[in-house]
Amino acid sequence: RRGTAADAMAEAADFDRPELADRLLRKAETAIRARTSRILCVIERCTDEHNYSAVIRSCEALGVQHIWLVDPVEVSYDGVDDGLVDDDDGVDDDGVDADRARERAGGLLKSHGHGSAWREAHKLFARRANEFTTIREFPTTRACVEALREAGYVIWATDLSQKAICMTHDALRDAGFGDPNDPTATVVPKKLAIVFGTESVGCTREILESADARVYLPLRGFADSLNLSVAAALCIQTLFHLCPEAVGAMSDDERAELREKWFTQLAMNRVTTRGQDRDLRDARTRLTRVRKKLLKAETAPRADPNPNGVGGRVADLAFEETQLCDAIGAMEETRRVAANRAIQPYLANPPAPLRDMRRPDEHREAYVGKGVRAKNAEHWAGMPAVGNHASVRNHTKKMFEGVTGEP
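Quick caveat: nothing in here was measured; it's all calculated off a predicted structure.

K.L.:
Whenever I open this one, the packing of helix α3 (residues 49-62) against helix α9 (residues 228-242) confuses me. Can you help?
P.N.:
Between two packed helices, the angle of one axis relative to the other and the distance separating the axes together describe the packing. At a minimum axis distance of 8 Å, the contact between α3 and α9 shows a crossing angle of 20°. Put simply, α3 runs roughly parallel to α9. Judged by the twist between their axes, the crossing of α3 over α9 is right-handed. For the pair formed by α3 and α9, the contact residues are Asn51, Ala54, Val55, Ser58, Cys59 and Leu62 on the first element and Leu228, Ser229, Ala232, Ala233, Ile236, Gln237 and Phe240 on the second. Here the contact of α3 with α9 is composed, by residue class, of 9 nonpolar, 4 polar and no charged.

K.L.:
What is the right way to read the packing of aromatic side chains from this model?
P.N.:
By convention here, two paired aromatic rings are described through the distance between centres and the angle between planes. Under the counting rule described, the total for this entry stands at 4 aromatic pairs. Aromatic side chains Trp68 and Phe138 sit 5.1 Å apart centroid to centroid with 50° between the ring planes, which places their arrangement in the tilted category. Within this pair, whereas Trp68 is found in strand β2 (residues 66-70), its partner Phe138 is found in strand β3 (residues 134-138), the two being separated by 70 residues in sequence. The class of Trp68 is buried, set by a relative accessible area of 7%. The class of Phe138 is buried, set by a relative accessible area of 3%. Relative to Trp262, the ring of Phe132 has its centre 5.3 Å away and its plane inclined at 85°; by these criteria the two rings are edge-to-face. Of this pair, Phe132 sits in the loop between α5 (116-121) and β3 while Trp262 sits in helix α10 (residues 252-268), and the two are 130 residues apart along the sequence. The residues Phe132 and Trp262 share a single accessibility class, namely buried. Taken together, the ring pairs connect Trp68, Phe138 and Tyr153 into an aromatic cluster. Here the guanidinium or amino end of Arg136 rests over the ring plane of Trp68, the centre of that ring lying 5.0 Å away. A cation sits over an aromatic face here: Lys191 above Tyr153, 4.6 Å from the ring centre.

K.L.:
I tried to follow a negative patch on the surface on my own but got confused; where do I start?
P.N.:
A cluster of acidic residues, Asp252, Asp253, Glu257 and Glu260, forms a negative patch at the surface. With respect to the element layout, Glu260 can be found in helix α10.

K.L.:
I'm lost on the sheet that holds strand β1 (residues 39-44) in this one. Help?
P.N.:
Across the sheet, which stays open at both edges, the 7 strands sit in the order β3-β2-β1-β6-β4-β7-β5 with parallel pairing between neighbours. Whereas interior strands pair on both sides, the edge strands pair on one side only; in this sheet they are β3 and β5 (165-166). Summarising the sheet, strand β4 (residues 154-158) and strand β6 (residues 192-196) pair through 4 bridges and their orientation is parallel. Bridge pairing in β6 links Ala157 to Val195. Of the strands in this sheet, β1, β2, β3, β4 and β6 touch helix α6 (residues 141-151), which is tilted by about 150° from β2.

K.L.:
Can you walk me through the environment of Leu354 in this structure?
P.N.:
Summarising the element assignment, Leu354 is placed in the loop between α12 (310-348) and α13 (370-375). By relative accessible area, Leu354 is classed as buried at 6%. A C-alpha to C-alpha distance of 6.3 Å links Leu354 and Arg26, two positions 328 residues apart in sequence.

K.L.:
Just checking my understanding: could you explain the confidence of the model for the protein for this structure?
P.N.:
Low-pLDDT stretches of the model should not have their predicted coordinates read in fine detail. Residues at a pLDDT of 70 or more form 75% of the protein, whose mean pLDDT is 81. Low pLDDT, under 50, characterises residues 104-115; the predicted model gives this stretch 42 contacts beyond four residues in sequence or across chains. Below a pLDDT of 50 lies the segment residues 121-126, which in the model reaches 11 contacts outside its immediate sequence neighbourhood of four places, other chains included.

K.L.:
Sorry if this is basic, but what is going on with a nonpolar patch on the surface here?
P.N.:
Judged by side-chain polarity, Leu219, Leu226, Val230 and Leu234 come together as a nonpolar surface patch covering roughly 290 Å² of accessible area. You can see Leu234 is positioned in helix α9.

K.L.:
Would you mind showing me how to read the side chain of Glu254 here?
P.N.:
Within the secondary structure layout, Glu254 lies in helix α10. Despite being buried, Glu254 has no salt bridge partner; Arg255 is the closest side chain of opposite charge, sitting 7.9 Å away. Once residues lying within four places of it in the same chain are set aside, the contact partners of Glu254 are Ser37, Gln65 and His66.

K.L.:
Where do I start with α10 in this structure?
P.N.:
One turn of the α-helix equals 3.6 residues, which is why residues spaced by three or four share an orientation. For α10, with 17 residues, the first-to-last C-alpha span of 24 Å sits near the 24 Å given by 1.5 Å per residue. Listed as buried for α10 are Glu254, Arg255, Leu258, Arg259, Trp262, Phe263, Thr264, Gln265, Leu266, Ala267 and Met268.

What counts and how
Residues numbered from 1 in each chain as written. Predicted model: local features only at pLDDT ≥ 70, side-chain atom pairs only at ≥ 80, totals over all residues. Heavy atoms only, no water. Axes fitted to C-alpha atoms, helices over the stretch in contact; angles between N-to-C directions. Helix = DSSP H or I, 4+ residues; strand = E, 2+ residues; numbered from the N terminus. Parallel < 35°, antiparallel > 145°, perpendicular 65-115°, else oblique. Left-handed = near helix turned anticlockwise from the far one by under 90°. Contact = heavy atoms within 4.5 Å. Nonpolar A, V, L, I, M, F, W, Y, C, P; charged D, E, K, R; others polar. Phe/Tyr/Trp six-rings, centres within 6.5 Å; stacked < 30°, edge-to-face > 60°. Buried < 20%, exposed > 50% of the residue type's maximum accessible area, 1.4 Å probe, protein only. Lys NZ or Arg CZ within 6 Å of the ring centre and 35° of its normal. Patch = residues over 30% accessible without salt bridge, like charges linked within 9 Å, V, L, I, M, F, W, Y side chains within 5 Å. Areas by Shrake-Rupley, 256 points an atom, 1.4 Å probe, with all protein chains shown as cover. Salt bridge = Lys/Arg side-chain N within 4 Å of Asp/Glu carboxyl O. Lys, Arg positive; Asp, Glu negative; His and termini not counted. Charge placed at Lys NZ, Arg CZ, Asp CG, Glu CD. Pairing = 2+ DSSP bridges. pLDDT = per-residue confidence, 0-100. Expected span 1.5 Å × (residues − 1).

Structure, rendered in structure tokens:
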């Protein structure tokens, strides 16, 4: 049939492939155009660290850009629980730089830790989803509710009580949502914040009393609840079913901001040489080790100013930390400037989005450790995700070759 070959080539160009020109930026553009600010996810006092990461990953995968966290402050070591929750002023109550405190504590938080430092340390579990979402943290539920009201969001709190409204078009319409003169109009408000509470008891009374509605997902079994991350994913997907126009509902200005941020972020890992990459990686590793030692020294009992005692050791480690931070900052700034220069043509003329972002078999990868891979080698034999495929990093790196002026 005439046109079949041409159509096949055009279709192939719309799918993700390792050798596709501008591949990474086309994938990023595809995600940007599907991002929504119409739906905002709030996680209130989640007590399981894996659920935090899983909900963030689900939101990112489904296209929800904004995630707000009402976060308990619980860390492993006494004396380091100040400044781990962002209170919008960047400084904790003692005047210590909050970012530095979070980073310093990140390597020493146990499995029940919370806050920015913990999520930074567990990026791998969330598959780096928190790098491509906008996360805002609040120390209290009241502060979060006030910010939602100020931003003009309608609040729906998930709830298992018999007062909750089923998340169906008809039930929500009967509850007063949607256009009373148009039965086909969406029942999802123009700006909606959906709140998920603690795993064991759900949303707090303060959220339930502040919400415009309590909602629940219809279940059909004896189990009357779901894991928090599963419930969040299903509820958000249900919202998109109820309101397909929420996909891509974002202002052009915000979309442009995301484009510059993401394109720069993706280019930063590809504008430098392998030697420069190694230097930055080694410096970060040394900084992590110094911060672990420093935090232990700062929390040790009976600190004293003796140059040979704990106080002197703290001063030496703090000085080393500052030096490493300055060196890393300089290296990152060099990368950022080079990356920003490299992406300018793409900001002026964004690449075409892909029709399908699923990876081809030759680029699928199982994100598991060597031990797990070896243990399941027989069962996984021949599966695309565990094949010995070559990395496509070198190909994507070619997009920005020469930007730094180095070979």
